[in-house]
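Read off the chains here:
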Amino acid sequence: MNKNDITTITITDMGIDGEGIGKVDGYTLFVKDTVVGDVASVKVIKAKKNYGYARLMQIVTPSPYRVNPVCELASRCGGCQLQAVNYDKQLEFKAKKVRNNIVRLGGFEETYIDSLMEPIVGMEHPYEYRNKAQFPFGVDKEGKFIYGFYAGRTHSIIPCNDCSIGVKENKKVLDTILEWMNEYNIAPYDEVSHKGIVRHALIRKSFADNRLMVCLIVNVEKYKNTEGIVPHQTELINRIKSISEVASLSINLNSENTNVIMGDEIINIWGSDHISDVIHLRDVQSGFSYIDEDGNILKGKELVNNAVGIRYNISPLSFYQVNPIQTEKLYSIALDYADLSGNESVWDLYCGIGTISLFLAKKAGKVIGVEIVPQAIDDAKKNAENNGIGNAEFYVGRAEEVLPEYYEKQSEDAMLHPDVIVVDPPRKGCDGACLDTMIKMAPARIVYVSCDSATLSRDLRVLCDGGYEIQKIRPVDMFPHTVHVETVCLLSKIVNI
Ligand code: SAH
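First, a word on scope: everything that follows refers to the structure included in this document. (Residues numbered from 1 in each chain as written. Predicted model: local features only at pLDDT ≥ 70, side-chain atom pairs only at ≥ 80, totals over all residues. Heavy atoms only, no water.)

### A look at the nonpolar core
Part 1 of the argument: W347, L349, M438, V447, I470 and L491 are the most contacted members of the largest nonpolar core, which totals 89 residues.
Part 2 of the argument: In terms of residue count, the dominant contributor to this core is helix α5 (residues 324-338) (7 residues).
Part 3 of the argument: With sequence-adjacent residues up to four places away left out, V447 is seen in contact with A334, Y337, A338, V420, I421, V422, V423, V488, C489 and L490.
Part 4 of the argument: In terms of nonpolar packing, the next biggest core, distinct from the first, is built from 36 residues, F149, V173, L212 and V218 among them. (Core = buried A, V, L, I, M, F, W, Y, C linked by side-chain atoms within 4.5 Å. Buried < 20%, exposed > 50% of the residue type's maximum accessible area, 1.4 Å probe, protein only. Helix = DSSP H or I, 4+ residues; strand = E, 2+ residues; numbered from the N terminus. Contact = heavy atoms within 4.5 Å.)

Given below as structure tokens:
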């Protein structure tokens, strides 16, 4: 195959980024915007020795798995890579991605991993699930102020106010901010000149309370008092206040020349300085129905309020899972895998605001949570107190430092050799020093919650070489229509007889 060749190809597989893969006379081509099952006419844009990349020219026969994307902008916006694939096929793709990564990158036997995989957990209604979104503001070619999304892998803004995976209320808030900017001529931030004020708006929704937290990220260096961080602040407050769902308005200062969205400083200018949300555990065995206070198994959304839940305060800089509906299923699986009976000592590493820790604490003797973001640990401590949970402690720091330091203390302590360690690291996975200490602490069970199956696979290899055995693997679709997938994995210590 050479560059500019035009050929017809049948797409037989999907790559890790959702791109179609097919073969022409044994030569592999990767084709963006195609779906497994498509027959397509494509043009080669890059030809390497053993494989190449091609651009879709025309679909000759559409795949039976192809659907019309709900969003008009689906192929331009970088957010959802799989909107043109039907949901069942998306789930199949994700389960296979996890399985293949563990086999190939972890170096495990195929049939062995297949025997440990539990069915992927999908959503009943895979839309409007994101409780958090960050929208950049900018200027279009005509000089009009706009907000929207960055086009895939770029920093050019596509105006968009109708994202199908976001919540409906976002539009109201963003339009209000835009009106305020237009009326008082408050310019959006410009990345090139480093001028202008409004960089992003962060909106978070509490699904439990139907309340919103709005945070405006601005290019302002210092603030004198809460009355005047941005020009015409009172007018901004008055407008935002009139949206009945908004409970909190704050400003985040970010005057750095960076593509990191949030700065470190947050000033609450109206309403509460946080929002809160409630998570209920669900019954894993009965297919994720709810269990109410009397132990009855209930099904259906309208019965949520009868289920036993934990209420969490979330401040703007803290991590909180973006899909609250699937989070309940994810945590339920993690808790089920932890298999606690009342007296266990448990570490929850990368604990955020203590979400998993507090559920663990309800069923364990003692839990220690470790997290790098101080604001998240403040939230975690308050959350324990607010929910009357007295057996959870929280430490600020890197898991790979806090855990070895604790272990090296060598004092007599149940936490030195805990029963269970739960980890939920960011995409880069666990640090080697963290894994080594986990192996030394020798818990009977490790529950690994992962948002990147490639780093999960690498870490599973380390843990298995260190005396652990994988028991169960369950993918959870936290991010429908994107290529991302969450995985919960249970490992147990091999007992030498
Ligand atoms: N278990 C929590 C948070 C998971 S996200 C939940 O489900 O809500 C991963 C968390 O790890 C984030 O809160 C992030 O701030 C934190 N983190 C990142 N690197 C870390 C490190 N080296 N040590 C400890 N925590 C870290």
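After presenting the structure, the write-up continues.
### Quick notes on the site of the ligand
Part 1 of the argument: Neighbouring residues of the ligand: 17 residues in total, closest Q321, Y331, E371, A399 and D424.
Part 2 of the argument: The separation between an oxygen atom of the ligand and a polar side-chain atom of Y331 is 2.5 Å.
Part 3 of the argument: Protein contacts shield 91% of the accessible area of the ligand, which totals 570 Å² for the unbound molecule.
Part 4 of the argument: Looking at the shell around the ligand, the elements with two or more residues in it are α6 (355-363) and α8 (399-408).
Part 5 of the argument: Of the residues contributing to the shell around the ligand, the split by class is 9 nonpolar, 4 polar and 4 charged. (Near = heavy atom within 4 Å. Polar contact = N/O pair within 3.5 Å; in protein donor to acceptor, adjacent residues only side chain to side chain. Areas by Shrake-Rupley, 256 points an atom, 1.4 Å probe, with all protein chains shown as cover. Nonpolar A, V, L, I, M, F, W, Y, C, P; charged D, E, K, R; others polar.)

### Re a negative patch on the surface
Part 1 of the argument: On the surface, E221, E256, D264 and E265 cluster together into a negatively charged patch.
Part 2 of the argument: Note on D264: relative accessible area 72%, which makes it exposed. (Patch = residues over 30% accessible without salt bridge, like charges linked within 9 Å, V, L, I, M, F, W, Y side chains within 5 Å. Salt bridge = Lys/Arg side-chain N within 4 Å of Asp/Glu carboxyl O. Lys, Arg positive; Asp, Glu negative; His and termini not counted. Charge placed at Lys NZ, Arg CZ, Asp CG, Glu CD.)

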